[in-house]
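Here are the chains, one letter per residue:
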Amino acid sequence: MGMMSFKMGTFCRHDVVQPFARPFARMLAGAGIGALLAWSALPGTALAAPDKPAVDRDTVVVGLEKEFQNLDGLVAVSGESLRYGWQIYDTLYGFDVKGTLVPRLATGLEISPDGLTYAYKLRSGVKFHDGSAFTSADVKASIDHILKPENKSTRRPYFAPIVASVETPDPLTAVIKLKVPDGAFANKIAGYLYIIPGAYVAGLPSGEAFAQAPVSLGPYRIKEYKVGQNLVLERFEEYWGEKPAIKTLVFKVIPEPSSRVNALLTGEIDLAVVVPLPDYDRLKKEPGLDVVANPVASPLYVRLYTNHPELPIAKREVRQALSYAIDSKAIIKGVLHGVGEPLATFVSKHYPYGSDPDLKPYPYDPKKAKELLAKAGYPNGFDTRLYSGTDQPKEVAEALAAYWAQIGVKTDIQRVDYASWGRLNNTHKSDPMTVSQFTNAIYDPIHPVGGAFAKEGSWSDYYNADVEALLDEVNRTTDTAKRGEIFRKVGKILNEDAAAIFISELYYVFGKKKSLDWEIQQGSGFLSFRKVGWK
């Protein structure tokens with residue numbers, strides 16, 4: 001077949017920097033913008049965080065900032081599945097802690113010289129949680145699950161345009177043939193393709209039924225799930241790889257930031273995800289806690305429905321005006337407590353390649369913003385609506401609305417719970433705009449750019465012919481240096497077109513007990529508990 005061995009490249013490491021967390025102090029009624037950006041921390045507490053397991057040494061309890069909406073890892077939005085995906089599911093190749101591709105269910109990969117054929121050699125003796133044997137038929141079933149339109153998979157736009165067929169010449173060989181070359185396909189397989197048991201899925205009444213009782217072959221399997229409360233996982237004793245030291249992993253849903261911090265201080269949980277930044281300094285002083293941080297290569301931005309011609313934001317001048325009207329540095333300093341970096345476009349500086357250090361964010365210039373609004377035909381501004389999910393700091397939306405009010409744009413903030421927001425955003429109903437983020441899932445910029453700005457992107461309501469042409473070019477390019485050059489061109493267009501309101505780079509802060517041995521996944525929103533235990 002004329003195949004060549006595939007050599008895995010090593011991605012750049014980006015050292016962990018200052019933490020990001022979601023503040024939750026309440027806005028002062030009737031205050032000006034300056035006061036609105038001056039948040040205060042919660043009152044101190046006399047509690048001393050206990051450095052001992054919340055349950056026992058065989059259990060780790062994790063406090064999450066958002067609940068699970070869909071346990072089907074092949075369908076759910078990536079920001080959600082990144083929480084449980086590596087625990088329940090497994091992939092042919094995966095990412096190590098630094099983002100380097102490593103073999104998992106596959107022991108080898110060969111790519112044809114024309115870049116159209118990917119042949120994976122599979123690991124033998126692997127079992128699913130239901131006891132069935134893993135074979136190449138399950139790889140095909142997993143891709144088919146993504147491709148079926150009725151399953152409404154958020155991964156479908158990344159596979160449907162390029163996958164021609166999946167062949168299974170023998171039980172331990174899966175051959176994926178592409179319609180066109182895709183320079184990030186190996187990364188997409190590692191980040192998106194969770195393997196599910198084909199026979200089990202075929203026996204279900206519908207694709208949606210799988211989300212109610214998912215089965216895969218990851219290091220943990222589901223023991224109990226209570227919607228909006230917790231997800232309890234138990235160690236899969238027949239897991240093919242190194243088994244976790246922990247037998248039971250509990251994800252406890254605690255959306256309120258102050259409650260999550262209190263749960264950590266009282267010892268109710270062992271690890272808190274997304275610690276609110278106002279408590280960062282205070283928690284660092286707790287003798288029983290470690291506070292660790294991670295840049296997640298996730299732009300914090302406002303998604304704009306630019307392809308709705310009846311909306312003011314369909315005009316570039318209006319989008320530019322909204323961008324000039326906000327002071328992102330002040331938002332970062334006030335709302336994000338100085339933890340963040342102004343964004344010029346949608347390619348994070350924490351991706352391995354593609355960012356442009358010379359591209360500058362929109363400066364704060366309300367005068368220019370008013371001029372652009374007048375030029376666009378809105379000299380007196382207009383009324384709009386901004387959605388904000390409860391997984392985002394409400395103060396971000398409030399600050400944006402306050403800035404826009406100064407140029408005559410009246411903003412109705414719709415604060416909705418994360419579950420409702422997710423349903424709206426995933427079905428293109430969070431219009432005309434919403435605060436959002438796009439987490440790194442495959443360590444390649446095509447994930448955020450393609451998902452948010454390609455014509456057929458899962459979370460895109462934007463179209464630009466030049467961007468489409470460049471994305472088509474980058475999909476045919478495998479060399480990372482050349483891919484970086486193309487993405488820099490895309491980033492410049494998105495900046496000049498004000499394709500979104502770019503606010504800040506995003507960071508997660510985790511608070512954990514000192515005796516909990518857990519290594520954070522670098523430059524990503526993935527949570528991995530494959531290696532976790534008590535010291």
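Our structure is the block above this text.
Just so it is clear, the structure is predicted and the values come from calculations on it, not from any experiment.

Whenever I open this one, the overall build of the protein confuses me. Can you help?
Of the regular secondary structure elements, the protein holds 17 helices and 19 strands. Since a compact globule built from 535 residues should have a radius of gyration of about 24 Å, the 23 Å found for the protein is in line with a globular shape. The principal-axis extent of the C-alpha atoms belonging to the protein is close to 65 × 60 × 40 Å. Looking at the 535 residues of the protein, the share that counts as buried comes to 60%. Treating the 63 positive side-chain charges of the protein as one cloud and the 61 negative ones as another, the clouds have centres 2 Å apart.

How do you make sense of the pairing of strand β9 (residues 220-226) when you look at a structure like this?
Side-chain positions along a regular strand alternate between the two faces of the sheet. Summarising the sheet, β9 and strand β10 (residues 230-235) pair through six bridges and their orientation is antiparallel. Within β10, the residue paired with isoleucine 222 across the bridge is leucine 233. In sequence, β9 turns back onto β10 through a hairpin of three residues, with glycine 228 there showing a positive phi of about 75 degrees.

Whenever I open this one, the packing of aromatic side chains confuses me. Can you help?
Given two aromatic rings, one states the distance between the centres and the angle between the planes to describe the pair. With the rule as written, the count across this model stands at 28 aromatic pairs. With centroids separated by 6.0 Å and ring planes inclined at 80 degrees, the aromatic side chains of phenylalanine 346 and phenylalanine 438 adopt a geometry described as edge-to-face. Remark: phenylalanine 438 occurs in the loop between β16 (433-437) and α15 (446-453) and phenylalanine 346 occurs in the loop between α11 (328-334) and α12 (366-375); sequence separation between them is 92 residues. Residue phenylalanine 346 shares its accessibility class with phenylalanine 438, and that shared class is buried.

Is there a simple way to think about the pairing of strand β13 (residues 289-304) in this case?
Burial analysis of β13 places 15 of its 16 residues in the buried class, which makes it a mostly covered element. As judged from the 11 bridges shared by β13 and strand β17 (residues 501-513), these two strands associate in the antiparallel manner. Along β17, the bridge assignment pairs proline 299 with glutamate 505. Summarising the sheet, β13 and β16 pair through five bridges and their orientation is antiparallel.

Could you clarify how one ought to interpret the packing of α15 against helix α16 (residues 465-475) in this entry?
When two helices pack together, their arrangement is given by the angle between the helix axes and by the axis-to-axis distance. Interaxial distance between α15 and α16 falls to 12 Å at its minimum, and their mutual angle equals 145 degrees. Read as a crossing pair, α15 and α16 show a hand that is left-handed. Contacts between α15 and α16 pair Ile446, Val449 and Phe453 from the former with Val467, Glu468, Leu471, Val474 and Asn475 from the latter. Considering only residue class, the contact of α15 with α16 consists of six nonpolar, one polar and one charged.

Help me understand unusual backbone geometry, please; the structure alone is not making it clear to me.
Between aspartate 431 and proline 432 the backbone carries a cis peptide bond, its omega angle lying at 5 degrees. One non-glycine residue, lysine 152, adopts positive backbone phi at about 50 degrees. We note that valine 274 has phi near 60 degrees; this positive angle belongs to a residue other than glycine.

What should I look at first to understand the sheet that holds strand β12 (residues 271-273) in this one?
Each strand in a sheet pairs with another by means of backbone hydrogen bonds, the pair being arranged parallel or else antiparallel. Pairing is mixed across the open sheet formed by 10 strands, whose spatial order is β9-β10-β11-β2-β12-β17-β13-β16-β14-β15. Looking at strand neighbours, the two that pair on one side only are β9 and β15 (410-416), the edges of this open sheet. Neighbouring strand axes in the sheet, compared pairwise and without regard to direction, differ in orientation by 20 degrees on average. Contacting β2 (59-64), β12, β13 and β17, helix α8 (residues 257-265) runs over the sheet at an angle of about 165 degrees to β12.

Looking at this structure, I do not really get α16. What am I missing?
Looking at α16, one finds that the buried residues are Val467, Leu470, Leu471, Val474 and Asn475. Along the axis of α16, the buried residues cluster in a sector spanning 140 degrees; they form a single face. Buried residues in α16 make contact with α5 (185-192), α15 and α17 (480-496). Two or three places before aspartate 466, at the opening of α16, asparagine 464 has a side-chain oxygen 2.9 Å from that residue's backbone nitrogen.

Got a minute to help me understand the pattern of salt bridges in this structure?
Opposite charge on two side chains permits them to pair, given that their charged atoms come into close proximity. For the structure on display, the rule yields 21 salt bridges. Notably, a salt bridge pairs aspartate 290 with lysine 512, separated by 3.3 Å at the nearest N-O pair. With aspartate 290 in strand β13 and lysine 512 in strand β17, this residue pair connects regions lying 222 residues apart in the sequence. Taken as a pair, aspartate 290 and lysine 512 share a single burial class, namely buried. Among the ionic pairs, aspartate 444 bridges to arginine 483, the shortest N-O distance being 2.9 Å. One end of the pair, aspartate 444, is in the loop between β16 and α15; the other, arginine 483, is in helix α17, with 39 residues separating them in the sequence. With a relative accessible area of 0%, arginine 483 lands in the buried category. The structure contains a network of salt bridges with shared partners spanning Asp290, Lys512 and Lys514.

For this particular structure, what's the right way to read the packing of helix α10 (residues 316-324) against α12?
Interaxial distance between α10 and α12 falls to 8 Å at its minimum, and their mutual angle equals 165 degrees. Taken as axis vectors, α10 and α12 run roughly antiparallel relative to one another. Helix-helix and strand crossings are classified by hand; for α10 and α12 the assignment is left-handed. Taken together, the residues of α12 that come into contact with α10 (itself represented by Glu317, Val318, Gln320, Ala321 and Tyr324) are Pro366, Lys368, Ala369, Leu372, Leu373 and Lys375. Of the residues in the contact of α10 with α12, the class split is seven nonpolar, one polar and three charged.

Procedures and definitions
Residues numbered from 1 in each chain as written. Predicted model: local features only at pLDDT ≥ 70, side-chain atom pairs only at ≥ 80, totals over all residues. Heavy atoms only, no water. Helix = DSSP H or I, 4+ residues; strand = E, 2+ residues; numbered from the N terminus. Rg over C-alpha atoms; globule rule 2.2 N^0.38 Å. Buried < 20%, exposed > 50% of the residue type's maximum accessible area, 1.4 Å probe, protein only. Lys, Arg positive; Asp, Glu negative; His and termini not counted. Charge placed at Lys NZ, Arg CZ, Asp CG, Glu CD. Pairing = 2+ DSSP bridges. Phe/Tyr/Trp six-rings, centres within 6.5 Å; stacked < 30°, edge-to-face > 60°. Axes fitted to C-alpha atoms, helices over the stretch in contact; angles between N-to-C directions. Left-handed = near helix turned anticlockwise from the far one by under 90°. Contact = heavy atoms within 4.5 Å. Nonpolar A, V, L, I, M, F, W, Y, C, P; charged D, E, K, R; others polar. Arc of directions from axis to C-beta. Polar contact = N/O pair within 3.5 Å; in protein donor to acceptor, adjacent residues only side chain to side chain. Salt bridge = Lys/Arg side-chain N within 4 Å of Asp/Glu carboxyl O. Parallel < 35°, antiparallel > 145°, perpendicular 65-115°, else oblique.

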